[in-house]
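Next come the chains, spelled out residue by residue.
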Amino acid sequence: MSIELDGVHKAFGAKRVLDGVSLRVEEGQTQAVIGASGSGKSVMLKTIVRLLTPDQGTVHVDGQEVARLGREELYALRRHVGYVFQFAALFDSMTVFDNVAMGLRRMRDLDAAALGERVQTSLALVEMTGYDDRLPGQLSGGQRKRVGLARAIATRPKYLLYDEPTTGLDPVTTAVIDRLIVKLADELGVTSVVVTHDMQSAYRIADKIAMLYEGRIRFVGTPAEIQATRDPVVRGFIEGRPELIEEGAA
Amino acid sequence: MIRAWTAPVAAVGRSVQDFAAGFGRFGTFSVGVVRSVGDVATWGGLLIQQMARLGVDSLPIALFIAAFTGIVLALQASYTFTGAVPLYFVGVLVGKTMILELGPVLTGLALAGRVGANIAAEIGTMRVTEQIDALETLAYDPFAYLVVPRVLAGVLMFPIVVAFADALGVVAGWITAINLLDMSTQEFVRGLRIFFDTFDVQFSLIKAASFGLAVTSIGSFFGFATMGGAAAVGRATTQAVVVSAMMILVLDAFWAVTLL
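Rules of the game
Residues numbered from 1 in each chain as written. Chains lettered and ligands numbered in written order. Predicted model: local features only at pLDDT ≥ 70, side-chain atom pairs only at ≥ 80, totals over all residues. Helix = DSSP H or I, 4+ residues; strand = E, 2+ residues; numbered from the N terminus. Rg over C-alpha atoms; globule rule 2.2 N^0.38 Å. Buried ≥ 20, exposed ≤ 12 C-beta atoms within 10 Å, placed from the backbone. Contact = placed C-beta atoms within 7 Å. Expected span 1.5 Å × (residues − 1). Bend = angle between axes of the 7 residues up to and from the residue. Arc of directions from axis to C-beta. Pairing = 2+ DSSP bridges. Axes fitted to C-alpha atoms, helices over the stretch in contact; angles between N-to-C directions.

Turning to the overall build of chain A, a few remarks are in order. Along the backbone of chain A there are 10 helices and 10 strands. Computed over the C-alpha atoms, the radius of gyration of chain A is 18 Å, within 12% of the 18 Å expected from 2.2 N^0.38 for a compact globule of 250 residues. C-alpha extents for chain A along the principal axes are approximately 60 × 45 × 35 Å. Sorting the 250 residues of chain A into buried and exposed places 41% on the buried side. Within chain A, contacts between residues at least 6 apart in sequence are counted, and of these 64% link residues at least 24 apart.

Right, here's the structure in full:
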């Protein structure tokens, strides 16, 4: 019950985005992945559920090699993985209720009453009770992210993948989302991968932090370890000092 | 100097290469769609909704076009035949032209704009806002959820819309004939029946079904292929309408060659 990437390469045309990424996320752990914008964090996250296929290397989830799964097996795996998108990716023609219910409608063992109850429980977990009938266009950015989170957790997944969950939010909403991520990890016991470039968020939510740099994992450690590291590239990123990154790259 | 001569050749070569690559991508897309037809649990509940959106909601524009086409056909036929051909041939021309050609083709072209653009813009927007990725992560096959119900609705509803358009075009021609051309109903109906063949209606509906297939699948393809932002959605929409319109004319010629 873990996520394991081994030597993952991915290029778009001539641009190499991932150049041999290897990372193991243990069961029940919250793993933050940090890195500059455009460093390939979201690409890496998408390879975990095969929204993108690696050019080389392997991705294992729950002991299964994702690239080798047939269509039905892949969909069966995806039912155990919740994905929170950077801009929520809510279905804009559907109400909040229907957005959260989408994944649940694939579960044949849930009747209408149980489905409704599960939607309400999920909305309550993200503190969005009472918004069922709203359309995504009537919500603020933070509210949309919370509904996206409710949609991802509604099926009670074993894994949660977060793509920049706090980008573009004010500090208070960011703290609310961070608390939710920690609460969900504690209450639901999920294994999480959180892609972010917000260091304060990473320190608050992560058991471990990995840094992606030039297509590879440059560092993996606990929040305390990353704050104590002497690697100039990592220090330069977490302290916002580009001169250190240039020094490390040289 | 040599480069000046080879540049146009290279440009043509690139265009051919792009066309072949696009054709290949459409082939791969079509295979994916056909494979998803078996996922009835996903598309079954969406079919009626799409039939209403693509078919019923398209009736006003199709009927508007058909009514005015019928009027113009009757008047032009009368103008052409006066003094040379018996006037009841107005009924022949209105019936044959409306059912065999103008009903399906003008309706198809109008729906290429309305339906094709709508599908490309909607799916393209879903692509660039990661809603299609979200569908995938929720274990939905996006082809089964988005494309199959639209394509089936197009194939089923275009013939119905065209049947109404054909009928209204003929009725509009008849009303014009009896009111503006000094013809009687008996004369118009005589002309209408004299060369009428039920195959004409079948031909019209077969063409309409093929136009429905082309417009919905091309709109879906360009929507799925959208990459980027709002400008890319705009490009995809334009491409969908232009390619659908061209495809309608190609199919029109194809059916004329193979069935007439």
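Here the focus is unusual backbone geometry. All names here are of chain A. Unusually for a residue other than glycine, Arg156 sits at a positive phi of about 55 degrees. Within the secondary structure, Arg156 is located in the loop between α5 (141-153) and β7 (159-163). Here Arg156 falls in the partly exposed class, since 16 other C-beta atoms lie within 10 Å of it.

Looking now at helix α5 (residues 89-128) of chain B. All names here are of chain B. With 40 residues, α5 should cover 58 Å at 1.5 Å per step; its first-to-last C-alpha distance of 55 Å lies within 8% of that length. By the largest-angle criterion, Met98 marks the main kink of α5, which is about 60 degrees. In terms of residue burial, α5 counts as a mostly covered element, since 30 of its 40 residues are buried.

All names here are of chain B. Of all the residues in helix α8 (residues 185-194), the buried ones are Phe188, Gly191 and Leu192. For α8, the angular spread of buried residues about the axis comes to 100 degrees, placing them on one side. Counted as exposed and oriented over 90 degrees from the buried face of α8: Gln186, Arg193 and Ile194. In this fold, the buried residues of α8 make contact with α5 and α7 (142-180).

Here the focus is the sheet that holds strand β8 (residues 191-195) of chain A. All names here are of chain A. Spatially, β6-β7-β8-β3-β9-β10 is the arrangement adopted by the six strands of the open sheet, whose pairing is mixed. Each having just a single partner strand, β6 (81-84) and β10 (216-221) make up the two edges of the open sheet. Direction aside, neighbouring strands of the sheet carry axes that sit 15 degrees apart on average. Of the pairings in the sheet, the one linking β7 to β8 comprises five bridges and is parallel in character.

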